[in-house]
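Chain by chain, the residues run as shown.
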Amino acid sequence: MSMTIPLSEFNRNPSRATRLARIGSLTITDRGLPAFELRSVAQPSNRMDTLVRAGVVTPPRSRSSEPLPDLGVEPAVARAIVDEFEQDKATRDY
């Protein structure tokens with residue numbers, strides 16, 4: 001994923017530019033022409049690491065070494081249960 005920002009924005013908010021560079025390469029333009037490219041050297045190992053590095057999600061406070069148990073519930077059934085809970089939640093004061 002490649003993004004572009006003007007040099008003036010980079011100078012105003014370099015931390016935002018580094019967050020964007022963690023997602024993919026970032027081209028910094030000077031007077032509308034590409035001038036610099038900023039990219040992260042370290043590559044995330046999976047999609048969750050990419051989202052954490054981008055600041056989209058917050059990592060868990062602790063990482064369990066044990067995987068979550070497989071309860072044998074089909075994804076469609078799980079989604080229906082969550083949807084039903086959300087509808088019920090909307091009608092009550094939780």
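Nothing here was measured: the structure is a model prediction, and the numbers come from that model.

What counts, and where the lines are drawn
Residues numbered from 1 in each chain as written. Predicted model: local features only at pLDDT ≥ 70, side-chain atom pairs only at ≥ 80, totals over all residues. Heavy atoms only, no water. Pairing = 2+ DSSP bridges. Helix = DSSP H or I, 4+ residues; strand = E, 2+ residues; numbered from the N terminus. Axes fitted to C-alpha atoms, helices over the stretch in contact; angles between N-to-C directions. Contact = heavy atoms within 4.5 Å. Patch = residues over 30% accessible without salt bridge, like charges linked within 9 Å, V, L, I, M, F, W, Y side chains within 5 Å. Areas by Shrake-Rupley, 256 points an atom, 1.4 Å probe, with all protein chains shown as cover. Salt bridge = Lys/Arg side-chain N within 4 Å of Asp/Glu carboxyl O. Buried < 20%, exposed > 50% of the residue type's maximum accessible area, 1.4 Å probe, protein only. pLDDT = per-residue confidence, 0-100. Core = buried A, V, L, I, M, F, W, Y, C linked by side-chain atoms within 4.5 Å.

### Structural notes on the sheet that holds strand 1 (residues 2–6)
- Sheet architecture is open: 3 strands sit in the order 1-2-3, paired in mixed fashion. Two strands bound the open sheet, and with one partner strand each, they are strand 1 and strand 3 (33–38). Here the average twist between neighbouring strands, direction ignored, is 30 degrees.
- Here strand 2 (residues 25–30) runs beside strand 3; their pairing, made up of 5 bridges, is antiparallel. Bridging from a neighbouring strand, threonine 27 pairs with glutamate 37 of strand 3.
- In the packing of helix 2 (residues 14–23) onto the sheet, the strands contacted are strand 1, strand 2 and strand 3, and the crossing angle to strand 1 comes to about 165 degrees.

### What about a nonpolar patch on the surface?
- Among the surface-exposed residues, Leu71, Val73, Val77 and Ile81 lie close enough to one another that they form a single nonpolar patch of about 400 Å² accessible area.
- Look at valine 77 and you get partly exposed, because its relative accessible area is 43%.

### Brief notes about the confidence of the model for the protein chain
- Looking at the protein chain, pLDDT values average 82 and 90% of them are 70 or higher.
- Put simply, helix 3 (residues 47–54) is where the protein chain has its lowest mean pLDDT, 75, and helix 1 (residues 7–12) is where it has its highest, 95.

### As for the side chain of threonine 27
- Its location among the elements puts threonine 27 in strand 2.
- Sequence-distant contacts of threonine 27, defined by excluding residues within four places in its chain, comprise Ser2, Met3, Thr4, Ile5, Pro34, Phe36 and Glu37.

### Description of the nonpolar core
- Listed in full, the 7 residues of the largest apolar core are Met3, Ile5, Ala17, Leu20, Ala21, Leu26 and Ile28.
- Secondary structure elements with two or more residues in this core: strand 1, helix 2 and strand 2.
- When neighbours within four sequence positions are excluded, alanine 17 is seen to be in contact with Ile5, Phe10, Leu26 and Leu38.

### As for the environment of serine 8
- Take serine 8: it is sitting in helix 1.
- Look at serine 8 and you get partly exposed, because its relative accessible area is 40%.
- Residues serine 8 and arginine 31 lie 23 residues apart in sequence; the distance between their C-alpha atoms is 9.4 Å.

### Some points on the pattern of salt bridges
- Taken as a whole, this structure holds 3 salt bridges when the rule is applied.
- In this structure, arginine 39 engages glutamate 37 in a salt bridge whose closest nitrogen and oxygen atoms are separated by 3.4 Å.
- A salt bridge links aspartate 83 to arginine 79; the nearest nitrogen and oxygen atoms lie 2.9 Å apart. With a gap of 4 residues between them, aspartate 83 and arginine 79 both fall in helix 4 (residues 75–91), about one helical turn apart.
- Using a relative accessible area of 34% as the deciding quantity, one classes aspartate 83 as partly exposed.

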